[in-house]
Amino acid sequence: MNKIKILTAVCILSAMPALAEISELSTAPDTAPVSESPDLKAFISFGGGNALILKDGTITLTMRGGVKLSPSFNAGIWASTVIDDVRNYDAANSEFIDYKAMGLLAEYKAFSYKDFSISAPVELGCGYVDVKDEGVEDSQAKDGFFIADVAMHFNYQVTKSLEASLGGGYRMFLGVDYNNLGNGDFDTPFAELLFTWSEF
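In this report, the structure presented in the accompanying data block is examined.

Here is what the cut-offs are and how they apply
- Residues numbered from 1 in each chain as written.
- Predicted model: local features only at pLDDT ≥ 70, side-chain atom pairs only at ≥ 80, totals over all residues.
- Heavy atoms only, no water.
- Pairing = 2+ DSSP bridges.
- Helix = DSSP H or I, 4+ residues; strand = E, 2+ residues; numbered from the N terminus.
- Phe/Tyr/Trp six-rings, centres within 6.5 Å; stacked < 30°, edge-to-face > 60°.
- Buried < 20%, exposed > 50% of the residue type's maximum accessible area, 1.4 Å probe, protein only.
- Lys NZ or Arg CZ within 6 Å of the ring centre and 35° of its normal.

## Side note on the pairing of strand β5 (residues 95-113)
Consideration 1: Two strands pair when backbone bridges link them, and strand β3 (residues 73-82) and β5 are joined in this way by nine bridges, in the antiparallel orientation. In the sheet register, T81 faces β5, and the bridge partner there is K100.
Consideration 2: By the bridge criterion, three bridges tie strand β4 (residues 86-88) to β5 in an arrangement that is antiparallel. If you follow V86 over to β5, its bridge partner there is I97.

## Some details on the packing of aromatic side chains
Consideration 1: Considering all chains together, one arrives at seven aromatic pairs under this definition.
Consideration 2: Aromatic pair Y99 and F173: ring centres 5.2 Å apart, planes at 75 degrees, arrangement edge-to-face. Residue Y99 is found in strand β5, and its partner F173 is found in strand β8 (residues 162-174); the two are separated by 74 residues along the sequence. Like F173, Y99 is buried.
Consideration 3: Between F173 and F186, the aromatic rings sit 5.5 Å apart at their centres with planes inclined by 50 degrees, giving tilted as the arrangement. Separated by 13 residues along the polypeptide, F173 in strand β8 and F186 in the loop between β8 and β9 (188-198) bring together distant segments of the chain.
Consideration 4: Judged by relative accessible area, F186 falls into the buried class, the value being 0%.
Consideration 5: Three or more aromatic residues joined by ring pairs form one cluster here, namely Y99, F145, F173 and F186.
Consideration 6: Sitting above the plane of the F190 ring, R171 keeps its charged end 4.0 Å from the centroid.

Here it is as structure tokens:
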């Protein structure tokens, strides 16, 4: 009988550490990783620059908006217009031309160091050639086209929510065919300065 009691006591004492671990496991919080939704942040940009139409310099205005999908990738939409009309000397009647366009934007930030970064925005879209006869106030849309451009931007984070960007690239047109004008009359290198506000 004494042997049975001793064996029972030894079994209980041996099982106590295991019981303690089981108790801890049952009361421990669930530490399994929980997937979080991506932290999307909105942004909006305003800016301008210069480009060529018919080998004549002109001024453009641009607006962009979208979301920051990650610290290195933005996606959104853009719209651009020419505010300095260019004279078409090949037209039979004296006329001035510009264009308006809009489309989709993707920008990849390839390098970042402290407040400085380098990014490569790519834009795709469509638009139309705007024509205004000399002495006439209103302009008319005359021809549609597709547009694409790629650029390189040097960015500086001025504040947590404001970024300044200076850069340039090349803009290509497809489908321009109006009054002796073609794609080559609009294809152009360009430079631009942008200010971007975003959530932080």
